[in-house]
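Letter by letter, the chains look like this.
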Amino acid sequence: MNFNRKQFFWFLILYFGLRLFSYFFTPPTPLLAGSIVNTAVSTALALWGAYWLIKNDARGWLIVAGEIIFCGSGNILSIGSISLRTILLAVSLTIFFIHILRKKQFTIFHTVLAKIIFLVVLWGAAAAVIGLNNGHQSTRIFSDFIPYLFLLYYFPLLEWLKNERFKNTCFNMIIAALGGGAVMLIFTLFAFSFGWLAMQGAYYHWFRDVAGGKITDLGTGFFRLVLNEHLLLIPLLLWFIFRQITKPAWINIGLILASSAILAVNLTRVYFLALVIGLAWLFSRANWRRWLKYSVLTLAGVFVIFTVFYSVTSRGHSLGWEFFGIRLQSIAAPQIEDSSLSRLLLLPKIMEKIKTAPVLGQGLGDTVTVYSPVLAQEITTPHFDWGYLEILAEMGVIGLLFWLSLIGYLIFLGSKKTTAVGSSYLSPLIALMVINITAPAFFHVLGIVTIAITAAVSHASAPQSASPLQIPSDQKFSTVKDKQTPATIG
């Protein structure tokens, strides 16, 4: 893929512009009704995208991809109370499948992968019906089921991932979003640490309710910052490391550093575990020296960046190394940390739900009631904090088997490729599997999109998998053409 400086610059402006726009013209939040300007702009984008999608113009799919890449959790733009992401999902897939029906290109549905994907989506719909029958809140059922529909992006991705200009444009979107995300997170860290921004202030509520983030004051001047889009941090970091191992380039180093900076502020334990296991999956005898070099440098880079950030924010009182000790100890002794203890307290409640309906599950939209050591009271939450157990509780053994069949088949396809090809897309998938232990990686929108991309890449890399779809011509990218010659990074 090619790095294009001009595209990167404009996409970086777009990344920050969207966040400034959503700050001043917010979508609906628990505290604010939402701006009519936000609704108007989102409606214009939806209509604009629909027009190009009907014309089978790549710019329509770039709007879809851009919203996913730049809008993080999907709350930045909305039409009333419905996110633009959901609107674009419905519009883009409807138009795409109408094109398929009109052209009678039904062979894309005949592959094993396509059938497994349909099984997962259909069982998700069945779990939604079960949830309704069990009296679960309809809004929670809706928000649980919608992400499953993103698996259907596998079918248009079969077409568009074969278009080099489309892939290059998306690549420049990704690196702009990653660079912008690192800058925003570092700004947020120091702004709260030095008192430029206040907890419970306007920015805090924007970060929490619009950006979909979490800010935790550790009481030392350092703030732990988490955003929903960080779910893709480790899969992307592993992909950048793979690129650097196989074909070194300065842009890969920059992306690894940006990812390491985000990880140093995020500090989610399962992300570190996923990174280590993903790095192990990337190992190959042919490139073991580069693998060892960049694996060590990445892990050391995260540690050094964290140490610098912690030292500055604590005014030199601590290097922060004791924080890693507490996080590691809490794995063996969960009672010493609130988040670990909360997850441990959820386990017996979840197991009770699984035993009640082991085959079909309780249905989507389910909740669990448990005592919260943080709030010192019982709370009811839809967040189970155990990914595989949540699938088992809501979708039963049948749903879990469908999910494992999909992931297992993707691993099977990857094992048939060369080491390099298989590692390039399987390492991020393995990392996602690890993250799903304590996070909803598989059934979060961004995680499902990653799985859909992995499925499309695995299909496209198979010699026998020539797509029956007509790949659009590159001239339909008139709005993203650039006279500047892009720098090839491999």
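Refer to the structure printed above.
Keep in mind that what you see is a predicted model, and the values were worked out from it rather than measured.

Participant: Any chance you could break down the overall build of the protein chain for me, citing the residues and the numbers?
Facilitator: On a plain count of helices and strands, the protein chain comes out with 18 helices and 8 strands. Of all 490 residues assigned to the protein chain, the portion counted as buried reaches 55%.

Participant: Summarise the side chain of N4; cite the residues concerned and give the values.
Facilitator: Along the chain, N4 turns up in the loop between β1 (2–3) and α1 (5–24). Take N4: its relative accessible area is 7%, and that puts it in the buried class. A polar atom in the side chain of N4 sits 3.0 Å from the backbone nitrogen of Q7.

Participant: Account for unusual backbone geometry, naming residues and giving values.
Facilitator: If you check the backbone angles, Q200 has positive phi at about 70° while not being a glycine. When you line up the elements, Q200 lands in the loop between α8 (164–193) and α9 (202–210). For L267, which is not glycine, the phi dihedral falls at a positive 60°. Residue position: L267 is located in the loop between α11 (250–266) and α12 (269–282). L267 gets classed as buried once you look at its relative accessible area, which sits at 2%.

Participant: Break down the packing of α8 against helix α10 (residues 233–246) for me, citing the residues and quoting the values.
Facilitator: For the pair α8 and α10, interaxial distance at closest approach is 13 Å and the crossing angle is 115°. Judged by the twist between their axes, the crossing of α8 over α10 is left-handed. Across the interface between the two elements, F171, I174 and L178 from α8 touch L233, L236, W239, F240 and R243 from α10. Considering only residue class, the contact of α8 with α10 consists of 7 nonpolar, no polar and 1 charged.

Participant: Provide a residue-level description of the nonpolar core, including the pertinent values.
Facilitator: Counting 152 residues, the largest nonpolar core has Y154, W403, L406 and I451 as the members making the most contacts within it. Among the elements that make up this core, the one with the highest residue count is α8 (14 residues). Contact partners of Y154, with chain neighbours within four places excluded, come to T111, L113, A114, I117, A452, A455, A456 and H459.

Participant: Describe the pairing of strand β5 (residues 223–227), and please don't skip the residues or the numbers.
Facilitator: Within β5, 5 of the 5 residues are buried, leaving the element largely enclosed by the surrounding structure. As judged from the 5 bridges shared by strand β4 (residues 213–217) and β5, these two strands associate in the antiparallel manner. Residue pairing in the sheet places D217 in a bridge with F223 of β5. Between the antiparallel neighbours β4 and β5 lie 5 residues, among them G219 with a positive phi of about 80°.

Participant: Before we move on, can you summarise the pattern of salt bridges with the specific residues and values?
Facilitator: For the structure shown, the criterion picks out 5 salt bridges. Ionic pairing is found between R208 and D209, a salt bridge with its closest N-O pair at 3.0 Å. Here R208 falls in the partly exposed class, since its relative accessible area comes to 34%.

Participant: Describe helix α2 (residues 36–54), and please don't skip the residues or the numbers.
Facilitator: Its 19 residues give α2 an end-to-end C-alpha distance of 27 Å, which sits within 8% of 27 Å, the value for a rise of 1.5 Å per residue. All of the buried residues along α2 are N38, T39, S42, A46, G49, A50, W52 and L53. One side of α2 carries all its buried residues, which in axial view fall inside an arc of 165°. Counted as exposed and oriented over 90 degrees from the buried face of α2: I36, L47 and I54. The secondary structure elements touched by the buried residues of α2 are α1, α3 (58–70), β2 (78–79) and α4 (84–103). Positive backbone phi, at 55°, marks N56, one or two positions downstream of α2.

Participant: Quick one: what's the story with helix α16 (residues 387–415), residue by residue and with numbers?
Facilitator: Between its first and last C-alpha, α16 extends only 25 Å over 29 residues, short of the 42 Å set by a 1.5 Å rise per residue. The largest bend along α16 measures about 125° and falls at M395.

Participant: Report on the packing of aromatic side chains, specifying residues and quantitative values.
Facilitator: Applying the stated criterion to the full structure yields 40 aromatic pairs. With a centroid separation of 6.2 Å and an interplanar angle of 85°, the aromatic rings of F187 and Y203 are classed as edge-to-face. In this pair, F187 is assigned in helix α8 and Y203 in helix α9, connecting sequence segments 16 residues apart. Residues W403 and F442 carry aromatic rings whose centres are separated by 5.5 Å and whose planes lie at 20° to one another, so their mutual orientation is stacked. Separated by 39 residues along the polypeptide, W403 in helix α16 and F442 in the loop between α17 (419–435) and α18 (445–460) bring together distant segments of the chain. Taken as a pair, W403 and F442 share a single burial class, namely buried. By the ring-pair criterion, three or more aromatic residues cluster together here, those being W61, F96, F97, F109, F118, F150, Y153, Y154 and F155. Here the guanidinium or amino end of R19 rests over the ring plane of Y15, the centre of that ring lying 3.7 Å away.

Participant: Residue-level account of the environment of F145, with values.
Facilitator: Considering the arrangement of structural elements, one finds F145 in helix α6 (residues 138–149). Linking F145 and F443, residues 298 residues apart in sequence, is a C-alpha distance of 8.7 Å.

Participant: Give me the lowdown on the environment of T169, citing residues and values where you can.
Facilitator: Mapped onto the elements of the fold, T169 is located in helix α8. Since its relative accessible area comes to 1%, T169 is described here as buried. Each C-alpha atom of the pair T169 and N2 lies 8.5 Å from the other, and the pair is 167 residues apart in sequence.

Participant: Lay out the packing of α11 against helix α13 (residues 288–313) with the relevant residues and their values.
Facilitator: One can describe the packing of α11 onto α13 by two numbers: an axis separation of 8 Å at closest approach and a directional angle of 50°. If you check the angle between α11 and α13, you find them oblique. When the axes of α11 and α13 are compared, the crossing they make is right-handed. Residue-level contacts link I253, I256, L257, S260, A261, L263, A264 and V265 of α11 to Y294, T298, V302, I305, F306 and F309 of α13. Looking at side-chain class alone, the contact of α11 with α13 contains 12 nonpolar, 2 polar and no charged residues.

Criteria and cut-off values
- Counting of residues starts from 1 at the beginning of each chain's written sequence and follows it residue by residue.
- Selection of residues for local features in this predicted model requires a pLDDT of at least 70, selection of side-chain atom pairs for listing and counting requires 80 or more, and totals for whole chains, interfaces and linings are taken over all residues.
- Values shown for side chains rest on all heavy atoms present in the structure; no hydrogens or waters enter the calculation.
- Only DSSP runs of H or I with at least four residues qualify as helices, and only runs of E with at least two residues qualify as strands; both kinds are numbered from the N terminus onward.
- Here's how the labels work: a residue is buried when its accessible area is under 20% of the maximum for its type, exposed when over 50%, partly exposed in between, all with a 1.4 Å probe on protein chains only.
- In protein, a polar contact requires one atom able to donate a hydrogen and another able to accept it; more generally it is a pair of N or O atoms within 3.5 Å, and residues adjacent in sequence count only if both atoms are side-chain atoms.
- A fitted line through C-alpha atoms serves as each axis, taken over the contacting stretch for helices, and the angle formed by two N-to-C directions is quoted from 0 to 180°.
- Each helix crossing is assigned a hand: it is left-handed if the near helix lies turned anticlockwise from the far helix by less than a right angle, otherwise right-handed if that turn is clockwise.
- It only takes one pair of heavy atoms within 4.5 Å for two residues to be counted as in contact.
- Following the grouping adopted for this structure description, the nonpolar residues are Ala, Val, Leu, Ile, Met, Phe, Trp, Tyr, Cys and Pro, the charged ones are Asp, Glu, Lys and Arg, and the polar ones are all others, Gly among them.
- For the purposes of this section, nonpolar cores are sets of buried Ala, Val, Leu, Ile, Met, Phe, Trp, Tyr and Cys residues that join through side-chain atoms within 4.5 Å.
- Here, any two strands with at least 2 DSSP bridges between them count as paired.
- What makes a salt bridge here is a side-chain nitrogen of Lys or Arg within 4 Å of a carboxyl oxygen of Asp or Glu, nothing more.
- Expected helix span is computed as 1.5 Å times (number of residues minus one).
- What the arc describes is the spread of directions from the helix axis to the C-beta atoms.
- Here the bend at a residue means the angle between the axes of two seven-residue stretches, the one that ends at it and the one that starts at it.
- Pairing of aromatic rings covers Phe, Tyr and Trp, the last counted by its six-membered ring, and requires centre-to-centre distances within 6.5 Å; plane angles under 30 degrees mean stacked, over 60 mean edge-to-face, and any other angle means tilted.
- Charge-over-ring contacts are defined here by two conditions on Lys NZ or Arg CZ: a distance within 6 Å of the ring centre and an angle within 35 degrees of the ring normal.
- For this classification, under 35 degrees means roughly parallel, over 145 means roughly antiparallel, 65 to 115 means roughly perpendicular, and everything else is oblique.

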